[in-house]
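Notes for the structure review
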Amino acid sequence: MFMPLTEDQITQLAPDAASVKAGQQLATTSKWVSKAIHEKAMWGNCQGSGKNPYRTMVDLQKIAFKCSCPSRKFPCKHGLGLLYLYARASSDFTTAAALEPDVEEWVSKRAAKADAKEPKEETAAPKKTDAKGQEKRAEEREKKVSAGLEELRVWLRDLVRNGIHQIPSVSPSFYRTIAARMVDAQVPAMANALNRLHQLPYHQDGWQKPFLRRISSLYLLSEAYQYLPHVPVPLQTDIKTLIGWNTPKEQVLQQEGILDAWLVLSRELEEEDRLTTEHIWLVGQQHQRFALLLNFYPMGQVPQFALVVGTTITAELVYYPSAYPLRALVKGQQGLQPSTLPSAEPDFNSVLNQVAHALALQPFLEQLPFLVSEVKVVHQKEKWYLVDQHQHRLPLLNPEVEGWRVLATSAAAPFTAFIIYTPDGVTLRAYWVQQQFYPLP
Amino acid sequence: MEADLIKAAMLGTSQYVPSQLSPLAKELQQTLGPTNEDKEDAYLKLTAGFFLVSEAGQQLPELTVQLPSPPAETRLYITTEANALLRQFLRHKEDNLLEYFLFRCVAAQKTVLPEILPEVLSMAVEKKARQEALLQISGHRGQWLAQLNPAWQTLVAPEEENVWETGTWEQRKRYFKNLRARQPEQALTLLHNHLQEENTNARAELLELLYPNLSLNDEPFLTSLLTDKSQKVKQVVYQLLLQLPQSRLNQLVQAYVKAAVQVKEERVLLLAKRKVFNIHPDVPVPEELFAAGFEKTSSQKNVDDAEYWVSQAMAYVEPEFWQNSFGLSLVETVQLWANHASKPLFLPSLVQSAVRYQHRELAQTLLSKKEVTGMELLQVLPVAERFTYADRFLEENPALYLHFLLDDTYAPIPTKLNQRLLQQFALKPYALTQQQYQRWALQMEATMLPVLQQYAQQEYQEYQMRFFRNVCADMARVLHTKEQLNALL
């Protein structure tokens, strides 16, 4: 069943702002020689600058685009324009009883590809491996990692011995040297964590606390690695992941997943060092579990999409091994379905209890997702807070304009919120006012 | 404890080590003790443990703020589709479509959805010209929200009493303009008391704001300003007094015209008689009119001085003057001046008079004469009537003619007229800017869509025509968007 996308949802699919503008400008019937919709797809012919119109198709079951235009953007403005036009004037579309041959061919190929991929991933036989070589390489890496982490520990100890008062004025190169050493030592995640230290808000009072929290946590992580065999197995995986070991996707996909109706709560793109990371948070409506999908795109590669915020997909998700599993992969997706308001924590005490529980299992967690009901936004002394029904407050880390937007839509009344908790405060990613879903970009 | 940890970090553990540990920290230190390598190692592990323990057991502060709820909306909300279009116009700075949206939304007495209020209110602060409409479509929720944000409070806060003394120049002008519209007498008193405290340019600008509600009550004050030391201010004052019907200066003008112009009868072909205007060359122009800006001689060759003075004066007499002074109807007046040998001098003065006093009948009479070239007369006529002058003006200057067809009510321009205009602009596509083309599209009817599409789909080799093709494609988009808005609002 196709759930029509709103303009905001379509905008999320665009690769950049220029594509949004161009797509919206194509959302006029005058541009389209023909346009039709079927429950599986929509398609149309858009008159461009050339003699022949461009053939544009959108797979509505698992959002995907195809267009005959030469654009290297994906989706191109024609695909977006077709969706925008449907959002604005669905009655202008011809409802087709059957797919046109070329659309049928494309949709079928996509379905066949997806079907072929699933069993392959599930039943993939383990590759023939050079066990000895692998063991040797692992040993070498562990040696490098241990040496690198020892170097980091010395660096951190020197830092606190000499005092951190000069930190706000140091240049990024202060961290770059030690981060480069971490890359050499094959602990890239630690290198990223060190580089991120420069991004803390040093112009604000109280910068010392988040800085200390981060460097002491890095130190604790290096300590934990030294005692790795003594920690519980799930936590061992977390520690290794945080240091820089990757768990292969194929290995994760071999596990049994959780089939549920997953509500897509938020999607965020984060750019760092020529790498774009896409964070997609989901919550399962039946199992009430959160899941984080992470996608990585090197510079120049346009983020893909399959999930639109506010929609609910029926899918099987499989979690990466962890003491507190959150990161997941989509193993199989079946289609879209109507969204309902998920159940939520009643107040911040409940949230904090779960934070304590989570930290007990995995003390290096930096962020945790929660749904919490009966909260309000409050603006006081130029700061925004989220306040629960018992008047307990947490700092709201969203940009100021989003605070005003939430206040405008909620009219100072309590609402249900999807928040990302961090030790510094919470970020509101989406909320519901009278059952209406509002995502925040 | 936290402060102690931070103190140690700031000074460096070589200088200071946390000494006064809380019971919890002591417990942590004892647990971690056996693994400690040195005091920095101990400090970092203690700090990490402390932050984890603090976070796991944190007590949140309370914040009790009772914000009053916004009043319920009395107007209907626009649809989500209309809201999405508004967002598109705001995001992509589509000013023409935004203006049209405001026009439709205000007319439909609807309110925008709350999620877009931050952008709407921010624009209301930035764009004073749109402020009223933007506030209107913001509804009660917008007013409520604006009160809460210092950046938007100026939108709803009652104008402070001392805004005249302490506001910015723009705020002060706005305050004075509003006061003049609501209470002309009070505005006059305000100027009377404070005008001399302003610099020359400010004095001139404030006086110009008197024009829309000019009345004889203003005359004494304006007359008193004729001694102002600034020539610029004096010229503004003279202009106001000259065009104020029945002011002493205006009466001086009328008296001069009445004395200098005579209606005489002359024979035509020895049989018939006809009336003609005759200019009496010996009637002197009051010196005050020269002080008010009248020129003594024309810059053009072969223009008689007396005729030139009369023509200048005619621009300041009300159209009724001719009936009252000479018993001539407007048709007769225009005809007589059109018969005059120096009609190129006199007819433009009548055009100025018609425009200045917004006299529709005089404008129509003048437009009925082929000799009259003033396209500005169209602005005196209702929009629908302007369309009927296409044959007269369209080919002469299509851009200027179109300018007079575009109005604030978005009155649709007849399709045939649009087609004729398009044909003209296809020959000179750069006569209008892209913004002007878009604005024009908003006064087209849907029947123009196929016409625009036809232009948009043609293949052209010349770069000018390729530009025009793109322009037509864009106009089609704007027109289609307008139709979408009409269906939604």
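Sequence order as written defines residue numbering, which begins from 1 separately in each chain. Lettering for chains starts from A, numbering for ligands starts from 1, and both go in the order in which the items are written. Restriction of local features to residues with pLDDT of at least 70 applies here, the model being predicted, together with a cutoff of 80 or more for giving and counting side-chain atom pairs; totals for whole chains, interfaces and linings are based on all residues. Just so you know, side-chain values use all the structure's heavy atoms and leave hydrogens and water out.

Examining the overall build of chain A
Strands here are runs of E lasting at least two residues and helices are runs of H or I lasting at least four, both read from the DSSP assignment and numbered beginning at the N terminus. Each helix and strand in chain A was counted, giving 12 helices and 16 strands. Relative to the 2.2 N^0.38 estimate, which gives 22 Å for 441 residues, the radius of gyration of chain A is 24 Å and therefore close to what a compact globule would have. A principal-axis box enclosing the C-alpha atoms of chain A has dimensions of 70 × 60 × 40 Å. A buried classification covers 52% of the 441 residues belonging to chain A. The contact criterion used throughout is that any non-hydrogen atoms of two residues lie within 4.5 Å. Taking the contacts inside chain A whose residues are at least 6 apart along the sequence as the reference set, 62% of them involve residues at least 24 apart. About 20800 Å² of surface is accessible on chain A, with carbon and sulfur atoms providing 51% of the total. Charge assignment: positive for Lys and Arg, negative for Asp and Glu; neither His nor the chain ends contribute. We put the charge of a Lys on NZ, of an Arg on CZ, of an Asp on CG and of a Glu on CD. Averaged over its 47 positive side-chain charges, chain A has a centre that lies 5 Å from the centre of its 45 negative ones. Computation of the radius of gyration draws on C-alpha atoms, with the globule rule given as 2.2 Å multiplied by the number of residues to the power 0.38. Per-residue accessibility, obtained with a 1.4 Å probe over protein chains only, is compared with the maximum for each type, and a residue is labelled buried under 20%, exposed over 50%, and partly exposed between these values. Surface accessibility in these figures is a Shrake-Rupley result with a 1.4 Å probe; residues are shielded only by whichever protein chains are displayed.

Digging into the overall build of chain B
Scanning chain B from terminus to terminus reveals 28 helices and four strands. The C-alpha atoms of chain B give 35 Å as radius of gyration, which overshoots the globular expectation for 489 residues (23 Å, by more than 25%). In terms of its C-alpha atoms, chain B occupies a principal-axis envelope of roughly 135 × 65 × 45 Å. Within chain B, contacts between residues at least 6 apart in sequence are counted, and of these 63% link residues at least 24 apart. Accessible surface, chain B: about 24100 Å² in total, of which carbon and sulfur atoms supply 51%.

Structural notes on the domain arrangement of chain A
Residues and elements named next belong to chain A. Along its sequence, chain A is carved into domain 1 (7-123), domain 2 (132-243), domain 3 (249-337) and domain 4 (348-439). Relative to domain 3, the C-alpha centre of domain 2 lies at a distance of 27 Å. Taken together, the eight residues of domain 2 in the interface contact six residues of domain 3. The buried area of a pairing is the accessible area, by a 1.4 Å probe, that goes missing from both parts when the two are put together, added over both. Where domain 2 abuts domain 3, roughly 470 Å² becomes buried across the two surfaces, and 42% of that area is made up of carbon and sulfur atoms. If you sort the residues of domain 2 by the area they bury against domain 3, Arg-196, Thr-237 and Asp-238 come out on top, with a joint share of 55%. Salt bridges are identified by distance alone: a Lys or Arg side-chain nitrogen within 4 Å of an Asp or Glu carboxyl oxygen. Our count for the contact surface shared by domain 2 and domain 3 stands at zero salt bridges. For the purposes of these results, a polar contact is taken to be a pair of N or O atoms within 3.5 Å, where, inside protein, one atom must be able to donate a hydrogen and its partner to accept one; residues adjacent in sequence count only when each atom of the pair is a side-chain atom. At the surface where domain 2 touches domain 3, the tally comes to two residue pairs in polar contact (both at pLDDT 80 or more). If one sorts the elements of the side of domain 2 that touches domain 3 by residue count, helix α9 (residues 233-243) sits on top with four residues. Domain start and stop positions are those given by an automatic or database domain assignment.

Examining the interface of chain A and chain B
Contacts between chain A and chain B engage 66 residues on the former and 65 residues on the latter. Interface area for chain A against chain B, summed over the two sides, is near 5600 Å², with a carbon-plus-sulfur share of 61%. For the interface between chain A and chain B, the tally reads nine salt bridges. Asp8(A) is the partner of Arg87(B) in a salt bridge, and the nearest nitrogen-oxygen pair spans 2.7 Å.

Considerations on helix α6 (residues 173-184) of chain A
Residues and elements named next belong to chain A. In this model α6 runs 16 Å from its N-terminal to its C-terminal C-alpha over 12 residues, within 8% of the 16 Å that 1.5 Å per residue would give. All buried positions along α6 are accounted for by Tyr-175, Ile-178, Ala-179 and Met-182. Considered in projection along α6, the buried side chains sweep an arc of 105° and stay on one side of the axis. Every exposed residue of α6 that faces more than 90 degrees away from the buried side is listed here: Arg-176 and Thr-177. Considering only its buried residues, α6 is in contact with α5 (131-162), α7 (188-196) and α8 (208-226). In the stretch just after α6, Gln-186 is the one whose phi turns positive, near 60°. To estimate how far a helix should extend, the number of its residues minus one is multiplied by 1.5 Å. Comment: arc refers to directions from the helix axis out to C-beta atoms.

Quick word on the sheet that holds strand β14 (residues 415-422) of chain A
Residue and element names in this part refer to chain A. If you trace the six strands from one edge of the open sheet to the other, you get β13-β12-β11-β14-β15-β16, paired in antiparallel fashion. The strands lining the two open edges of the sheet, one partner per strand, are β13 (393-395) and β16 (436-439). Across the sheet, the mean angle separating the axes of adjacent strands is 45° when strand polarity is ignored. Here, strands pair whenever DSSP counts at least two bridges between them. By the bridge criterion, five bridges tie strand β11 (residues 368-380) to strand β12 (residues 383-387) in an arrangement that is antiparallel. Each bridged residue has a counterpart across the sheet, and for Gln-380 the counterpart in β12 is Lys-383. Every axis corresponds to a line fitted to the C-alpha atoms, with the helix fit spanning only the stretch in contact, and the corresponding angles, defined between N-to-C directions, vary from 0 to 180 degrees.

What about the domain arrangement of chain B?
Split by domain assignment, chain B resolves into domain 1 (2-56), domain 2 (76-156), domain 3 (163-244), domain 4 (263-381) and domain 5 (388-489). Measuring from the centre of the C-alpha atoms in domain 1 of chain B to the corresponding centre in domain 4 of chain B gives 98 Å.

Quick word on the sheet that holds strand β4 (residues 64-67) of chain A
Residue and element names in this part refer to chain A. An order of β4-β3-β2-β1-β5 is seen for the five strands of this open sheet, with the pairing classed as mixed. Only two strands of the sheet have a single neighbouring strand rather than two, namely β4 and β5 (94-95). Two strands pair when backbone bridges link them, and strand β2 (residues 41-46) and strand β3 (residues 54-59) are joined in this way by six bridges, in the antiparallel orientation. Considered in β3, the bridge of Cys-46 is made with Tyr-54.

As for the environment of Leu270(B)
Residues and elements named next belong to chain B. Along the chain, the position of Leu-270 falls in the loop between β3 (261-268) and β4 (272-279). Residue Leu-270 is classed as exposed on the basis of its relative accessible area of 75%. Taking the C-alpha atoms as reference points, Leu-270 and Glu-295, separated by 25 residues in sequence, lie 39 Å from one another.

Focus on the packing of helix α24 (residues 398-405) of chain B against helix α25 (residues 415-427) of chain B
All names here are of chain B. Their axes nearest at 10 Å, the elements α24 and α25 cross at an angle of 145°. Considering the relative orientation of α24 and α25, their crossing is left-handed. For the pair α24 and α25, the contacting residues are Pro-398, Ala-399, Tyr-401, Leu-402 and Leu-405 in the first and Leu-417, Leu-421, Gln-424 and Phe-425 in the second. Ten residues, namely Ala, Val, Leu, Ile, Met, Phe, Trp, Tyr, Cys and Pro, are considered nonpolar, four, namely Asp, Glu, Lys and Arg, are considered charged, and the remaining ones, Gly among them, are considered polar. Its residues placed into classes, the contact of α24 with α25 shows eight nonpolar, one polar and no charged. Two helices cross in a left-handed way if the nearer one is turned anticlockwise from the farther one by less than a right angle. They cross in a right-handed way if the turn is clockwise.

Structural notes on the nonpolar core
Phe101(B), Leu207(B) and Trp440(B) are the most contacted members of the largest nonpolar core, which has 207 residues in total. Of the residues forming this core, the biggest block, 11 residues, is contributed by helix α28 (residues 463-488) of chain B. Here the nonpolar core consists of buried residues drawn from Ala, Val, Leu, Ile, Met, Phe, Trp, Tyr and Cys, with membership extended through side-chain atoms lying within 4.5 Å. Within the second largest apolar cluster, 54 residues are counted, among which are Trp207(A), Ala224(A), Ile6(B) and Leu28(B).

What to know about the packing of aromatic side chains
Residue and element names in this part refer to chain B. Planes of paired rings set the category: under 30 degrees apart is stacked, over 60 is edge-to-face and the rest tilted, where pairs are Phe, Tyr or Trp rings (Trp by its six-membered ring) whose centres lie within 6.5 Å. Under the definition given, this model contains 40 aromatic pairs over all chains. A ring pair is formed by Tyr-437 and Phe-468, whose centres lie 6.2 Å apart and whose planes are at 70°; its orientation type is edge-to-face. Highlighted residues: Tyr-437 in helix α26 (residues 434-441) and Phe-468 in helix α28, separated in sequence by 31 residues. Note on Tyr-437: relative accessible area 1%, which makes it buried.

Some points on the side chain of His359(B)
Residue and element names in this part refer to chain B. Structurally, the position occupied by His-359 is in the loop between α20 (343-356) and α21 (360-367). Judged by its relative accessible area of 13%, His-359 is buried. When sequence neighbours within four positions are dropped, the list of residues in contact with His-359 reads Pro-319, Glu-320, Leu-330, Ala-354 and Val-380.

Concerning α20(B)
Owing to its 3.6 residues per turn, the α-helix aligns residues three or four sequence positions apart on the same side. All names here are of chain B. For α20, spanning 14 residues, the distance from its first C-alpha to its last is 20 Å, which sits close to the expected 20 Å at 1.5 Å a residue. Considering only its buried residues, α20 is in contact with β4, α17 (305-314), α18 (320-326), α19 (330-339) and α21. Positive backbone phi, approximately 45°, marks Gln-358, located one or two places after α20.

Some details on the pattern of salt bridges
Residue and element names in this part refer to chain B. Evaluated as defined, the whole model comprises 39 salt bridges over all chains. The salt bridge partner of Glu-99 is Arg-130, with a shortest N-O separation of 2.7 Å. With Glu-99 in helix α5 (residues 95-108) and Arg-130 in the loop between α6 (117-126) and α7 (131-148), this pair connects stretches of sequence that are 31 residues apart. Given the relative accessible area of 9%, Arg-130 is considered buried.

Some details on a negative patch on the surface
Together, Glu135(A), Glu139(A), Glu140(A) and Glu142(A) line one region of the surface with negative charge. With respect to the secondary-structure elements, Glu139(A) resides in helix α5. Residues qualify for a patch when their relative accessible area is over 30% and they have no salt bridge, like charges being joined within 9 Å and the nonpolar side chains of Val, Leu, Ile, Met, Phe, Trp and Tyr within 5 Å.

Considering the pairing of strand β1 (residues 32-37) of chain A
Residue and element names in this part refer to chain A. Here β1 runs beside β2; their pairing, made up of five bridges, is antiparallel. Bridged to Ala-36 within β2 is Trp-43. Where β1 folds back on β2, the antiparallel hairpin that results is connected by three residues. Bridging between β1 and β5 involves two bridges; their strand directions are parallel. Considered in β5, the bridge of Ala-36 is made with Thr-94.

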